Amino acid sequence: MNIKNYINGEFVNPIKGNYLDNYNPSIGKIYGQIPNSTKEDVVLALEAAEKAFSKWSTTTLDERSKIFSKIADLILEKLDFLAAAESKDNGKPISLAKAVDIPRAASNFQFFANAITQFSSEAHESVGLNAINFTLRQPLGVVGCISPWNLPLYLFTWKIAPAIAAGNCVIAKPSEVTPMTAYLLGEICTEAGLPKGVLNIVHGLGTSTGQAIVAHPKIKAISFTGGTKTGAHIASIAAPMFKKLSLELGGKNPNIIFADCDYDKMLETTVRSSFTNQGQICLCGSRIFVEETIYEKFKKEFIKKVSELKVGNPSEKNTNIGALVSHQHLEKVKSYIDIAEKEGGKILFGGDSVTVKNCENGYYLQPTIIEVQNNKCKLNQEEIFGPVVTMMSFKNDKEALALANESKYGLSATLWTNNLNRTMQFAKQLQTGIVWVNTWMLRDLRTPFGGAKDSGVGREGGFEALRFFTEPKNICIKY
Ligand code: TXE
């Protein structure tokens, strides 16, 4: 299936006629083409967005909210179709796309359909000065949204929904590795009555299309999710133009397990936090630290549970782990497994590619558990972003906290304990944007989402996102 750009409400070919192959990772075969858009396509999208802005930015909140609810409903109506498309494009189990990715894309629109009607700004009475200050939060104009391949429609909509709800017009680029569901969303937006030019989707490589979005001076803000290196590069281009930047980058999240936890719940959740979506979620708990008194028991039982996961064809219902997103990514993940033993690590389970019947050329890898001796090793310091976790033991709270914080990343952490004092100490001292206690990836869309340190700048979610996509202006009236 060939994909087109969605500009000014129409599906159009790229101006220069360049295309890229689109792969189905579960069989390792090309199944379509996507535009490799150039600067000219970005300019075309910009013109459409600029034209749409004056009308869209004055559309009533009620009207915006109704269109968003309609988009959400249409996404849910097409749940099976979109889940199948996502699975084919990305390699993830269809069951996961159906249970998580697509419903969440609908929730993103429904959430901001409601949030925009509740968003407010501050007023400050300057008592004794006979003045009143209030804050106007106005949309920025045309903004850019660039999303990755791991949760394609989920993260694409997580950005564009608040941007549009706040009254902006958007130029969005999904990952060139997984463009399909963003393409399908164009049709849904038209059907839901989103006016022409409010959302424009240009496809192509990060280094050409993405770069053109980031570098265009008329695009006022960039919301980006992807690798830390790419984020730093984007910042180096956008910051000198004083663009607003929201960067959600990599993670190397600690999963800290104390002996006093609810063990069965922890074990089951740790299997999920390690390997959901083939470990390709920035929130996965890829460094497991276990209190030494339960280390051997956990090791044995974790290996057993992981060995029961089925690696297989993503379209089969009982598959737990599908294909990795691309051949290149599979090679990257394997390169870490290759150095494990050189670094003093021991592969406790997995480590090998898997050949799946009827999908022999797909990019499959066993879920892999590696015991490491030292938190400073590459396996514990670099983001692998695949079905690979490391584990090591710790003696006490102090050591666990030090290990968790010994990372350039600071996205999320998971803590397993029933001790309230310990919970509060860790909650305060973990250098991450998110701390989950006795759970993982429980998401409330009102909360600030994002990371500290090299995991990014800014927060998404709830009013944080609406604040990002608006410019606050202080009005001071003397009376
Ligand atoms: O991501 P990129 P890649 C991590 C993960 C992974 C690594 C690299 O460790 O192995 O990043 O993955 C666009 N200007 N994460 O290379 O390149 C690109 O087209 C503008 C973590 O696939 O960061 C895509 O749309 N845009 C992560 C998006 O950026 C550019 C999710 C992300 O791609 C660009 C994905 C440029 N110069 C990978 N270069 C997470 N935080 O969830 C690329 N892009």
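Here's a quick rundown of the structure. All residue numbers here refer to positions counted from 1 along the written sequence of the relevant chain. Selection of residues for local features in this predicted model requires a pLDDT of at least 70, selection of side-chain atom pairs for listing and counting requires 80 or more, and totals for whole chains, interfaces and linings are taken over all residues. Processing note: side-chain calculations cover all non-hydrogen atoms of the structure and skip hydrogens and water entirely.

This part is about the pattern of salt bridges. In what follows, salt bridge is the name for a side-chain nitrogen of Lys or Arg lying within 4 Å of a carboxyl oxygen of Asp or Glu. One pass over the full model with this rule turns up 21 salt bridges. Between aspartate 80 and lysine 98 there is a salt bridge, with its nearest N and O atoms 3.1 Å apart. Remark: lysine 98 occurs in helix α4 (residues 94-118) and aspartate 80 occurs in helix α3 (residues 79-90); sequence separation between them is 18 residues. One continuous salt-bridge network, built from bridges that share partners, spans Asp260, Asp397 and Arg422. Each helix is a run of H or I in the DSSP string that is no shorter than four residues. Each strand is a run of E no shorter than two, and both are numbered from the N terminus.

Of the two faces of strand β19 (residues 434-437), only the one carrying Ile434 and Trp436 is buried; Val435 and Val437 on the other face are not. Taken together, the four bridges between strand β18 (residues 412-416) and β19 define a ladder with parallel strand orientation. Its bridge partner lying in β19, alanine 413 is registered against valine 435. In terms of handedness, the path from β18 via helix α14 (residues 420-429) over to β19 forms a crossover that is right-handed. Each residue gets one of three labels from its accessible area relative to the maximum for its type: buried under 20%, exposed over 50%, partly exposed in between, using a 1.4 Å probe on protein chains only. Two strands are counted as paired when DSSP detects at least two bridges linking them. Handedness of a crossover is defined as follows: orient the strands so they point away from the viewer, and if the path from the first strand over the helix to the second runs clockwise, the crossover is right-handed.

Moving on to the site of the ligand. Any residue with a non-hydrogen atom lying within 4 Å of a molecule or strand is treated as near it. Around the ligand, a shell composed of 27 residues is seen, among which Trp149, Lys173, Glu176, Lys332 and Glu383 lie nearest. For the ligand, an oxygen atom lies 2.8 Å from a polar atom in the backbone of serine 147. Its free accessible area being 820 Å², the ligand has 86% of it covered by the protein chains. Those elements that place two or more of their residues in the shell around the ligand are α7 (206-215), β10 (221-225), α8 (228-238) and α11 (327-340). Ranked by residues supplied to the shell around the ligand, first place goes to α7 with four residues. Classification used: nonpolar for Ala, Val, Leu, Ile, Met, Phe, Trp, Tyr, Cys and Pro, charged for Asp, Glu, Lys and Arg, polar for all others including Gly. Its residues assigned to classes, the shell around the ligand comprises 10 nonpolar, 12 polar and five charged. Counting of polar contacts relies on pairs of N or O atoms within 3.5 Å, with two restrictions inside protein: one atom must be capable of donating a hydrogen and the other of accepting it, and residues adjacent in sequence are counted only when both atoms are side-chain atoms. Areas reported as accessible are Shrake-Rupley estimates using a 1.4 Å probe. Residue values count occlusion only from the protein chains shown.

It is worth spelling out the sheet that holds strand β22 (residues 470-478) at this point. Think of a sheet as strands paired side by side through backbone hydrogen bonds, with each pair either parallel or antiparallel. Taken in spatial order, the three strands line up as β5-β6-β22 in an open sheet, and their pairing is antiparallel. Two strands close off the open sheet at either side, each with one partner strand: β5 (123-126) and β22. Along the sheet, successive strands turn relative to each other by an average axial angle of 20°, direction set aside. Strand direction decides the pairing type here: strand β6 (residues 131-139) and β22, joined by nine bridges, are antiparallel. What counts as an axis is a line fitted to C-alpha atoms, over the stretch in contact for a helix, and the angles between N-to-C directions run from 0 to 180 degrees.

Moving on: the nonpolar core. Only buried Ala, Val, Leu, Ile, Met, Phe, Trp, Tyr and Cys residues count toward a nonpolar core, and they belong to the same one when joined by side-chain atoms within 4.5 Å. Judged by nonpolar contacts, the single largest core of 98 residues is most densely connected at Ile75, Phe112, Ile160, Leu185 and Leu283. A contact between two residues is defined here by any heavy atoms of the two lying within 4.5 Å. With residues near it in sequence (within four places) discarded, isoleucine 160 still touches Phe109, Cys145, Val170, Ala172, Leu185 and Leu199.

A few words now on the packing of aromatic side chains. Aromatic pairs are defined between Phe, Tyr and Trp rings, using the six-membered ring for Trp, whenever the two ring centres lie within 6.5 Å; interplanar angles under 30 degrees are classed as stacked, those over 60 as edge-to-face, and all others as tilted. Using the criterion set out here, one finds 12 aromatic pairs in the structure. With centroids separated by 5.2 Å and ring planes inclined at 45°, the aromatic side chains of tyrosine 6 and phenylalanine 11 adopt a geometry described as tilted. Considering the side-chain rings of phenylalanine 68 and phenylalanine 109, the 5.1 Å spacing of their centres and the 75° angle between planes classify their relative orientation as edge-to-face. You can see phenylalanine 68 sitting in helix α2 (residues 61-77) and its partner phenylalanine 109 sitting in helix α4, a full 41 residues away along the chain. Grouping residues by exposure puts phenylalanine 68 and phenylalanine 109 together as buried. An aromatic cluster of at least three residues, connected via ring pairs, comprises Tyr6, Phe11 and Tyr183. Placement of a positive charge over a ring is assigned whenever Lys NZ or Arg CZ falls within 6 Å of the ring centre and within 35 degrees of the normal to the ring plane. Note that lysine 297 overlies the ring of tyrosine 263, its terminal NZ or CZ placed 4.4 Å from the centroid. A cation over an aromatic ring shows up here: arginine 422 above the ring of phenylalanine 258, its NZ or CZ 3.7 Å from the ring centre.

Just distances and angles here, no functional claims.
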